[in-house]
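Commentary on secondary and tertiary structure
Read off the chains here:
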Amino acid sequence: MPLAELLARRPGWGGGKPNALTLSLAPLSDADTARLVESLLGPSALQPGQEAALLAHAGGNPLYAEQYAQMLTEHRASRQLPVPESVQGIISARLDALPPAEKRLLQDAAVIGKLFWPGAAAALGATPRPGLEESPHGLERKQFIRRERHSSLAGETQYAFLHVLLRDAAYGQIPRATRAGKHLKAAGWIESLGRPDDHAEMLAHHYLAALELARAAHQDTTGLAARARPALQRAGDHALALNAYPSAARLYRAALALWPQDAREQRAGLLRLLGTVLYETGDLEQAEAVLLEGSHVAAAAGMLAVQARIRVLLAEIHAEQDGRYAEALEECEAAAALLQSEGDSEGLAEAWLLVGKLRFWRAGDPLGAEEALERAGTYARLSANHRAELESRSWLVANLQDLPIPVDVAVGRAERLLEAAPGDPWAGAGILPPLSRPSGYARRFPHPRGCFGAGTPEQPGFLGQGKREHPRRKYPPPRRWQASDLRRQPQQRADHGRHLQYHAGLELPVCRFARRRRRAGDVPLG
């Protein structure tokens, strides 16, 4: 794709990436294009006048020359072929020249995506599975597809289109009226695999495509919407678990749009999830609006537990926006009492987690914060809320520095929390940075460096990614704009800010220890 077209479609491409390099490649000269064609076809392969027409249409695009050479190879009996105007024209001409069985297979494969499997193609088309064994080999020889060395599906051979333009051209030749049905069959095949969590995004893609195409064709989507709703919400939950907040918001909005206004229970739950995701992305105003709507819908449906969970999140937003910490603490404690009466362990984990954070931030009550965070962890484990459990552990470690206990005891507690989640990088990234301070006081060197380095934001799975606070912030931001504006900055600036904050938190105990070592005569260590 030309750079100008790429930047027109994706203006932010490559921006802010430290390891990205943009190279502007000039078009091939006519001589270089002729040498490329000669290397592919051999000398004297083109008829007089054909080479000039090819060079004029290629415009220095090597992909055009490559595809044209492949088209000539597939039509050895006749070298007098027209020169299409574009790469897409060449690919379409190649597709039209395929045997019907191979063309149908390629079109069905294009519905599946860049990667496909013969079982999926058989589910979409009329060709039985045994009849599909030879067609992929023929398409592979003609350089439309390639066989992958490893397959993501057990018992299925995985193939991939050699170029995305090949897939797009094959998909474009399918009549629009039949695309919706093929996407629906693809969704049915994915559901038949019995692994909804592993294929949640792929399943949501096919349902969304089927819905869009069916609406464009003015077809009835009532039955399709009923099947798509749970798939879209499941994909949103999966994206949320991976901290893919923009994708989660898009999927939750799509699921919400499929529910009628009188489906209050379903809409209330989705509005809570959508508000949570918007909060995580930093869009506090939109998150507040969505959560307020969700609170009204939950109240109308008599869903007290959902309404209480929304109140907890709204309390955190108000505390962050306006500094209403005492009011937020009262709201959370009241919500926790209601959630206790409703038996909602997952909601209790969220409520007590915020109570612990508020006591740590504002009240200067480390013992009360520890009690609340312990309760949050207990409820998180009961409800299998992995996110709340990891966050409660991180805040427990941050709270240790304010407890009236020996530093060795504090380090021991933190290390036991870390050992409780062996091999979990999220747990390590959440616990190790706040562990650096008590390790420094305990003179466990180079342990503090190891703590800090192992949990920096550059590590994959960093727990603080997309979050508002870091585990050692003892006081609220002195000015409201500092908190809200930081959330609206690019992720790189947020990560950089946390990086500096961790350095600042580690600097004090390290410097004190260095001064003591130097005074004691241990200059190299100091």
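Residue positions are given per chain, counted from 1 along the sequence in the order it is written. The predicted origin of the model limits local features to residues at a pLDDT of at least 70 and limits the giving and counting of side-chain atom pairs to 80 or more, whereas totals for whole chains, interfaces and linings rest on all residues. Heavy atoms from the whole structure form the basis of all side-chain values; hydrogens and water molecules are not counted.

Another aspect to go through is unusual backbone geometry. Here the phi dihedral of His218 falls at roughly 55°; this positive angle occurs in a residue that is not glycine. In this text, helices come from DSSP runs of H or I with a minimum length of four residues, and strands from runs of E with a minimum of two, each type numbered from the N-terminal end. Along the chain, His218 turns up in the loop between helix H11 (200–216) and helix H12 (222–241). Even without glycine at this site, Ala384 takes up a positive phi of about 60°. For Ala384, the location among the structural elements is in the loop between helix H19 (366–382) and helix H20 (386–399).

Let us now look at the confidence of the model for the chain. As a per-residue quantity, pLDDT reports the predictor's confidence and falls between 0 and 100. On average, residues of the chain carry a pLDDT of 77, and 72% of them reach 70 or more. Throughout, a contact is declared for two residues whenever any of their heavy atoms are within 4.5 Å. Per-residue pLDDT stays below 50 along residues 445–449; that stretch engages in 10 contacts with residues further than four places along the chain or on separate chains. Within the model, the stretch residues 455–509 combines pLDDT values under 50 with 109 contacts to residues more than four positions away or in other chains.

The next thing to look at is the side chain of Asn243. Relative to the assigned elements, Asn243 resides in the loop between H12 and helix H13 (245–257). Engagement of the side chain of Asn243 in a polar contact is seen with the side chain of Tyr245, the distance being 2.8 Å. Each polar contact in these results corresponds to two N or O atoms within 3.5 Å; when the atoms are within protein, one needs to be able to donate a hydrogen and the other to accept it, and residues that are neighboring in sequence are counted only if both atoms are side-chain atoms. A distance of 2.9 Å separates a polar atom in the side chain of Asn243 from a polar atom in the side chain of Arg387.

Another aspect to go through is the environment of Leu162. Position of Leu162 among the secondary structure elements: in the loop between strand S3 (159–161) and helix H9 (164–172). When a residue's accessible area, from a 1.4 Å probe over protein chains only, is under 20% of the maximum for its type it is buried; when over 50% it is exposed; and in between it is partly exposed. In this structure Leu162 comes out as partly exposed when scored by relative accessible area, which is 35%. When near neighbours in sequence (up to four residues on either side) are disregarded, Leu162 contacts Gln143, Phe144, Ile145 and Arg146.

Now for the pattern of salt bridges. Here, a salt bridge means any side-chain nitrogen of Lys or Arg that lies within 4 Å of a carboxyl oxygen of Asp or Glu. The tally for this structure, following the rule as stated, stands at 20 salt bridges. Measuring nitrogen to oxygen at the nearest pair gives 2.8 Å for the salt bridge that ties Lys142 to Glu102. Of this pair, Lys142 sits in the loop between helix H8 (135–141) and strand S2 (145–147) while Glu102 sits in helix H6 (residues 100–112); the two residues are 40 residues apart in sequence, bridging distant segments of the chain. Under the relative-accessibility criterion, Lys142 is labelled partly exposed at 25%. Its salt-bridge partner being Arg359, residue Glu333 comes within 3.1 Å of it at the nearest N-O pair. Taken together, the positions of Glu333 in helix H17 (residues 325–342) and Arg359 in helix H18 (residues 345–363) put the pair 26 residues apart, joining distant regions of the chain. Accessibility expressed as a relative area gives 32% for Glu333, which makes it partly exposed. Salt bridges sharing common partners tie together Arg309, Glu346 and Glu350.

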